[in-house]
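Breakdown of the fold
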Amino acid sequence: MKQKNEQSIYVVQGRSGIVFSATSNYEEALNIMNNLNEMEYGRARMEHWENNRVVLRES
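Before going into details, it helps to say that this report is about the structure given with it. What you are looking at is a predicted structure, and each value in this text was computed from that prediction instead of being measured.

Focus: the overall build of the chain
Broken down by element type, the chain carries one helix and four strands. Shown N-terminal to C-terminal, the secondary structure of the chain runs as helices and strands in the order β-β-α-β-β. Scored against the burial criterion, the 59 residues of the chain give a buried share of 27%. Within the chain, counting contacts between residues at least 6 apart in sequence, those at least 24 apart form 41% of the total. Of the accessible surface of the chain, which amounts to about 4,600 Å², a share of 46% is contributed by carbon and sulfur atoms.

Focus on the pattern of salt bridges
Across all of its chains, the model carries one salt bridge by this definition. The salt bridge partner of Arg57 is Glu47, with a shortest N-O separation of 3.0 Å. With Arg57 in strand E4 (residues 53-58) and Glu47 in strand E3 (residues 45-50), the pair connects residues that are 10 residues apart, well separated along the chain. The exposure class of Arg57 is exposed, given its relative accessible area of 58%.

A closer look at the side chain of Glu47
Using a relative accessible area of 9% as the deciding quantity, one classes Glu47 as buried. Among the polar contacts made by the side chain of Glu47, one reaches the side chain of Trp49 at a distance of 3.1 Å. Excluding residues that lie within four positions of it along the chain, Glu47 makes contacts with Ile9, Tyr10, Val11, Gln13, Val54, Leu56 and Arg57.

Things to note about the nonpolar core
The biggest cluster of nonpolar side chains holds seven residues, and these are Tyr10, Val12, Ala29, Met33, Leu36, Ala44 and Met46. Of all the secondary structure elements, the ones that give two or more residues to this core are strand E1 (8-13) and helix H1 (26-40). Top element by residues in this core is H1. It accounts for three residues. Sequence-distant contacts of Met33, defined by excluding residues within four places in its chain, comprise Val12, Ala44, Arg45, Met46 and Glu58.

A short note on the pairing of E1
Taken together, the six bridges between E1 and E3 define a ladder with antiparallel strand orientation. Its bridge partner being in E3, Val12 is matched across the sheet by Met46. Relative to strand E2 (residues 19-23), E1 runs antiparallel, the two sharing four bridges. Residue pairing in the sheet places Tyr10 in a bridge with Thr23 of E2.

Parameters at a glance
Residues numbered from 1 in each chain as written. Predicted model: local features only at pLDDT ≥ 70, side-chain atom pairs only at ≥ 80, totals over all residues. Heavy atoms only, no water. Helix = DSSP H or I, 4+ residues; strand = E, 2+ residues; numbered from the N terminus. Buried < 20%, exposed > 50% of the residue type's maximum accessible area, 1.4 Å probe, protein only. Contact = heavy atoms within 4.5 Å. Areas by Shrake-Rupley, 256 points an atom, 1.4 Å probe, with all protein chains shown as cover. Salt bridge = Lys/Arg side-chain N within 4 Å of Asp/Glu carboxyl O. Polar contact = N/O pair within 3.5 Å; in protein donor to acceptor, adjacent residues only side chain to side chain. Core = buried A, V, L, I, M, F, W, Y, C linked by side-chain atoms within 4.5 Å. Pairing = 2+ DSSP bridges.

And the structure:
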């Protein structure tokens, strides 16, 4: 039986699109995004990737 190889990554980007973090830990990514929002006035965003596809974008 073939197993599905699922990878889940959370990518945090700043307003210019620079990636500040890529992690499999949601809480860590959320903390980084919140800290970045404090410095960049709410312009950070996070994307949730599964199997090389974006499944959710948060701002």
